[in-house]
Amino acid sequence: MPDTPGAPLLRRRLVTDMVDWNMVLLTRRELSIRIKILHVINNILFPSIYMPSSSLHVSLQPSQFSLPACTIMDYSTLRRQITFMKKSFFDQGYLDEQFNQLEELQDESSPNFVEEVVALFLKDSPRLLTNIEHTIGKYPQDFHRLDSLVHQLKGSGSSIGAVRMKNECSVFKAHCNDKNLEGCRRSLQRMKREHATLKQKLESYFQLLRQVAPREHAVNSRK
Amino acid sequence: MMSCKGLGGEGSAAAAAALPHVLAVDDSSVDRAVISGILRSSKFRVTAVDSGKRALELLGSEANVSMIITDYWMPEMTGYELLKKVKGSSKLKGIPVVIMSSENVPTRITRCLEEGAEDFLLKPVQPSDVSRLCNRVLR
């Protein structure tokens, strides 16, 4: 087969994407394994133009792996999407450094730690919002109870880095302190909107993460 | 009640049992999960309960608790009340107690420290806070 135009560029791009992927995620040993896989894939795709050096002799047989070249590109794209999405959460003020702290606690024994903690928050917070709404509607007003409920919501929101939720809870608490029921009502509506937005964003984020997680687990299992 | 092994699932039960055992007390499920995760990452064995009452039940049945870390503001029994009960018990008074709170109230902090609390941490608790604290208290 003659050398096809653009093939060396494609090979370089595949290597670059693989290296990007590796630089984000992998140790040196994993990098070495990935590069070996990449050269095998290159050999399959472009057998006439691929000339591996002796130092990159590949002992893997093609049947020993099942990662088509397009999946590697998709993974790299997904990873970039996840990074940009998370950055937008911080830039738009939805999350703060506490979220990063939680992600740093993730390890092989708790690979989904952050998602689990966020799931607890998303399970607990609607109940608190409902209780707050119910308490606002009661007469006589019970600002002490309202303060206690929003204190819980503020605390758990703060623990996952939900800074907009936390700030709105502070506004609500200030209205409670002033015994300003109308202020509490308006603040509650904003809290509910912030909560709905945060829920949608985080669910999208973890949905993306789950798409890359099976690959990472498969790669780790080859060690 | 949540129990988290400090070895990430690996190692024998005997090895896990040799790790310092920290009792975490918080009525918030989110905060229990976070403090348990932080303690686990620092290689501690963690038992998490949701109230002071459950904490005392566990302390009564199992003496092998190296430290208690408790939220201040809990229904029925506050962390301060739990602290007083622990320090008032001849069996439990030697266990270090750390209080956590999301509110920076100087009189509250002073009161807890005077009652014998080892430290007072502001929420959200950082891994560095817990690591520094446990190194000082437990090692």
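Please read these numbers as outputs of a predicted model, since none were measured by experiment.

**Focus: the UniProt feature "modified residue: 4-aspartylphosphate" (unreviewed entry) in chain B**
All names here are of chain B.
- Following the UniProt record, one finds the feature "modified residue: 4-aspartylphosphate" (unreviewed entry) at Asp71.
- Secondary-structure assignment places Asp71 in strand β4 (residues 67-71).
- Excluding anything up to four places from it in sequence, Asp71 contacts Val25, Asp26, Asp27, Gly79, Met100, Ser101 and Lys123.

**Structural notes on the packing of helix α4 (residues 97-104) of chain A against helix α5 (residues 113-136) of chain A**
Residue and element names in this part refer to chain A.
- Following both chains from N to C, one finds α4 and α5 inclined at 130 degrees, their axes separated by 8 Å at the closest point. The angle between α4 and α5 places the two elements in the oblique class. In contact with Phe99, Leu102 and Glu103 of α4, α5 contributes Phe113, Val114, Val117 and Val118.

**Comments concerning the environment of Ala33 of chain B**
All names here are of chain B.
- Inspection of the secondary structure puts Ala33 in helix α2 (residues 29-41).
- On the basis of relative accessibility, which here comes to 8%, the residue Ala33 falls in the buried class.
- Note: C-alpha distance between Ala33 and Ala48 (15 residues apart in sequence) is 8.2 Å.

**Let's talk about the side chain of His151 of chain A**
- Here His151 of chain A is to be found in helix α6 (residues 143-159).
- Ignoring anything within four residues of it in the chain, the contact list for His151 of chain A reads Lys173 of chain A together with Trp73, Ser102 and Glu103 of chain B.

**A word on the pattern of salt bridges**
- The full count for this structure, using the stated rule, is 18 salt bridges over all chains.
- Put simply, Asp129 of chain B and Arg132 of chain B hold a salt bridge, and the shortest N to O gap is 3.1 Å. Here Asp129 of chain B pairs with Arg132 of chain B, and both are found in helix α6 (residues 127-138), just three residues apart, close to one helical turn.
- The buried category is assigned to Asp129 of chain B, whose relative accessible area is 17%.
- On the basis of relative accessibility, which here comes to 54%, the residue Arg132 of chain B falls in the exposed class.
- A single salt-bridge network, built from bridges that share partners, covers Asp147 and Lys173 of chain A together with Glu103 and Arg108 of chain B.

Definitions and limits used
Residues numbered from 1 in each chain as written. Chains lettered and ligands numbered in written order. Predicted model: local features only at pLDDT ≥ 70, side-chain atom pairs only at ≥ 80, totals over all residues. Heavy atoms only, no water. UniProt positions renumbered as here; feature names shortened; annotations may be inferred. Helix = DSSP H or I, 4+ residues; strand = E, 2+ residues; numbered from the N terminus. Contact = heavy atoms within 4.5 Å. Axes fitted to C-alpha atoms, helices over the stretch in contact; angles between N-to-C directions. Parallel < 35°, antiparallel > 145°, perpendicular 65-115°, else oblique. Buried < 20%, exposed > 50% of the residue type's maximum accessible area, 1.4 Å probe, protein only. Salt bridge = Lys/Arg side-chain N within 4 Å of Asp/Glu carboxyl O.

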